[in-house]
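Residue-level structural notes
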Amino acid sequence: MKVGIIGLGRMGEGMSRRLLNAGIEVIGYRRNFSKAIEAKKAGHITDVAETIDDLVTSVRVDSEPGIFLMVVPAENVEATITELLASGVGKNDVIIDHGNSSFKDSKRRAMNLEYRGISYLDCGTSGGVYGLKRGYCLMIGGAECAVETCKPIFNALAPNIGAAPRTNFDSPITPAEHGWLHCGPPGAGHLVKMVHNGIEYGIMQAYAEGFNILREANAGTKYVCEGDAEVAPMDNPSDYQYDIDIPEVAEVWRRGSVVGSWLLDLTAEVLREDGTLETFAGGVSDSGEGRWTVKAAIDLGVPAPVITEALYARFNSRRLGMFANRVLNGMRAMFGGHAVRKD
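Residues numbered from 1 in each chain as written. Predicted model: local features only at pLDDT ≥ 70, side-chain atom pairs only at ≥ 80, totals over all residues. Heavy atoms only, no water.

Digging into the environment of isoleucine 246
Within the fold, isoleucine 246 resides in helix 11 (residues 246-253). Once the C-alpha coordinates of isoleucine 246 and arginine 215 are considered, the two residues, 31 residues apart in sequence, prove to be 6.9 Å apart. Discounting residues that sit within four places of it in the chain, isoleucine 246 has contacts with Phe211, Leu214, Arg215 and Leu271. (Helix = DSSP H or I, 4+ residues; strand = E, 2+ residues; numbered from the N terminus. Contact = heavy atoms within 4.5 Å.)

A short note on the pairing of strand 7 (residues 137-141)
Of all five residues in strand 7, four are buried, a share of seventy percent or more. As judged from the five bridges shared by strand 6 (residues 119-126) and strand 7, these two strands associate in the antiparallel manner. Note that in strand 7 the partner of cysteine 123 across the bridge is isoleucine 140. One ladder, built from four bridges, connects strand 7 with strand 8 (residues 180-184); its direction is parallel. The residue of strand 8 that forms the bridge with leucine 138 is tryptophan 180. (Buried < 20%, exposed > 50% of the residue type's maximum accessible area, 1.4 Å probe, protein only. Pairing = 2+ DSSP bridges.)

Concerning the packing of aromatic side chains
Within the structure shown, the criterion is met by four aromatic pairs. Ring geometry for phenylalanine 154 versus tryptophan 180: centroids 5.4 Å apart, planes at 45 degrees, classification tilted. Linking phenylalanine 154 in helix 8 (residues 151-157) with tryptophan 180 in strand 8, this pair joins segments that are 26 residues apart in sequence. Look at phenylalanine 154 and you get buried, because its relative accessible area is 0%. Accessibility expressed as a relative area gives 5% for tryptophan 180, which makes it buried. Aromatic pair phenylalanine 211 and tryptophan 253: ring centres 5.2 Å apart, planes at 35 degrees, arrangement tilted. (Phe/Tyr/Trp six-rings, centres within 6.5 Å; stacked < 30°, edge-to-face > 60°.)

Things to note about the nonpolar core
Membership of the largest hydrophobic core comes to 30 residues, with the highest contact counts inside it found for Leu19, Leu69, Ile96, Leu121, Ile153 and Phe154. Among the elements that take part in this core, helix 8 stands out by supplying four residues, more than any other. The contacts of leucine 121, once residues within four sequence positions are left out, are Val94, Ile95, Ile96, Asp97, Ile140, Gly141, Gly142, Ala143, Ala146, Val147, Cys150 and Phe154. Membership of the second largest hydrophobic core comes to 20 residues, among which are Ile6, Tyr29, Ile52 and Val56. (Core = buried A, V, L, I, M, F, W, Y, C linked by side-chain atoms within 4.5 Å.)

Here we look at the sheet that holds strand 8
Spatially, eight strands are ordered 3-2-1-4-5-6-7-8 in an open sheet, and the strand pairing comes out mixed. Since the sheet does not close on itself, it has two edges, and those belong to strand 3 (47-48) and strand 8, each with one partner. In terms of strand pairing, strand 5 (residues 94-97) meets strand 6 through four bridges, oriented parallel. Considered in strand 6, the bridge of aspartate 97 is made with aspartate 122. Contacts from helix 3 (residues 52-59) reach strand 1 (2-6), strand 2 (25-29) and strand 4 (67-70) within the one sheet, and its direction differs from that of strand 1 by about 165 degrees. (Axes fitted to C-alpha atoms, helices over the stretch in contact; angles between N-to-C directions.)

Concerning the pattern of salt bridges
In the structure shown here, the tally under the stated rule is 17 salt bridges. Across the pair glutamate 216 and arginine 215 runs a salt bridge whose closest N-O atoms are separated by 3.2 Å. Salt bridges sharing partners connect three or more residues here, namely Glu248, Glu251, Arg254, Arg255, Asp265 and Arg272. (Salt bridge = Lys/Arg side-chain N within 4 Å of Asp/Glu carboxyl O.)

Regarding the environment of glycine 131
Inspection of the secondary structure puts glycine 131 in helix 6 (residues 131-134). For glycine 131, a relative accessible area of 0% translates into the label buried. C-alpha of glycine 131 to C-alpha of leucine 157: the two residues are 26 residues apart in sequence and 8.2 Å apart in space. Look past the residues within four positions of glycine 131 in its chain and what remains in contact with it is Arg18 and Tyr136.

Here we look at unusual backbone geometry
Unlike most non-glycine residues, asparagine 92 shows phi in positive territory, near 75 degrees. Non-glycine residue leucine 277 carries a positive phi angle of around 60 degrees. For leucine 277, the location among the structural elements is in the loop between helix 12 (262-273) and helix 13 (289-300).

As for the packing of helix 10 (residues 188-215) against helix 11
Helix 11 packs onto helix 10 with a crossing angle of 135 degrees between their chain directions and a minimal axis gap of 10 Å. Classed by the angle they form, the pair helix 10 and helix 11 counts as oblique. For the pair helix 10 and helix 11, the sense of crossing is right-handed. Across the interface between the two elements, Phe211, Leu214 and Arg215 from helix 10 touch Ile246, Val249, Ala250 and Trp253 from helix 11. Looking at the contact of helix 10 with helix 11 residue by residue, the classes come out as six nonpolar, no polar and one charged. (Parallel < 35°, antiparallel > 145°, perpendicular 65-115°, else oblique. Left-handed = near helix turned anticlockwise from the far one by under 90°. Nonpolar A, V, L, I, M, F, W, Y, C, P; charged D, E, K, R; others polar.)

A closer look at the environment of leucine 157
As for its placement among the helices and strands, leucine 157 is situated in helix 8. Between the C-alpha atom of leucine 157 and that of glycine 7, which follows or precedes it by 150 residues, the distance is 16 Å.

Side note on the side chain of histidine 98
As for its placement among the helices and strands, histidine 98 is situated in the loop between strand 5 and helix 5 (103-114). If we skip the residues at most four places from it in the chain, histidine 98 touches Met15, Leu69, Met70, Val71, Cys123, Thr125 and Leu157.

So, to be careful, I would describe these as geometric facts and stop short of saying anything about function.
Written out as structure tokens, the structure reads:
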């Protein structure tokens, strides 16, 4: 089996290496051709294509369908599809979008390509830079026949059944237990990945807030009883005089705790390297998936307060609420003569 990969960054290269390990030939393309050459020399791809035309020519051989994996940012997907079509991708070929595209865009793209006889699979892919070793969790939308054609690819990329204990030993093994799932028709894969990332926002925010509470658990030792009318008084400062070792808390929670997770593992690792996290500025980006999840919740009339607040917290981390805070400062200064706080 032979496939083409467009995008050989850390994630695309990791995917290529897993495919190679499964005996699948990989023709790689990235706009930085010298980097693509380096990937070939390192043995991370079978061969390199200098252009999209070269990629299509190399992959579309004999009567087998050409299969093209896109590991590119969502904003580049449309242009990449256009290039593939201009280069000869056509009837019976399969395009797989491994990026974080909107499920609505994926549904539209699949419908447009169906008229050309091309199958479009939206494949929400989780695993990031750790996917090479751990495997990638795959959430797939599209036609059943195309999914069946690409089954060897999904089996190669996914973690496999040993990644987690089975929940029912008496039931037949399903693809989901191997780490990939055909979620439904076009758009379904990216819909599931969208909600997956929205949940991720909420989990990350809960960890961040919990560790912040523990970090401030010694605030009673610094509390000044008088002279600061701008701060609500602490009832019992003596209740909060604990110096908690945050990195060690993260470590102990990883072992046997109900809140244990891979995200906590990663948190413990970064805290072990830098317990105060001074190397981070604190501005957290959002890729768009959280916004789409909140929008879907509104469209469906489904309450999602945790995910919504986690999204707003990311906005606030980038100081996008600063002007609102200044308005609050101004109002309090006007009606009460309150001093403007700098901390």
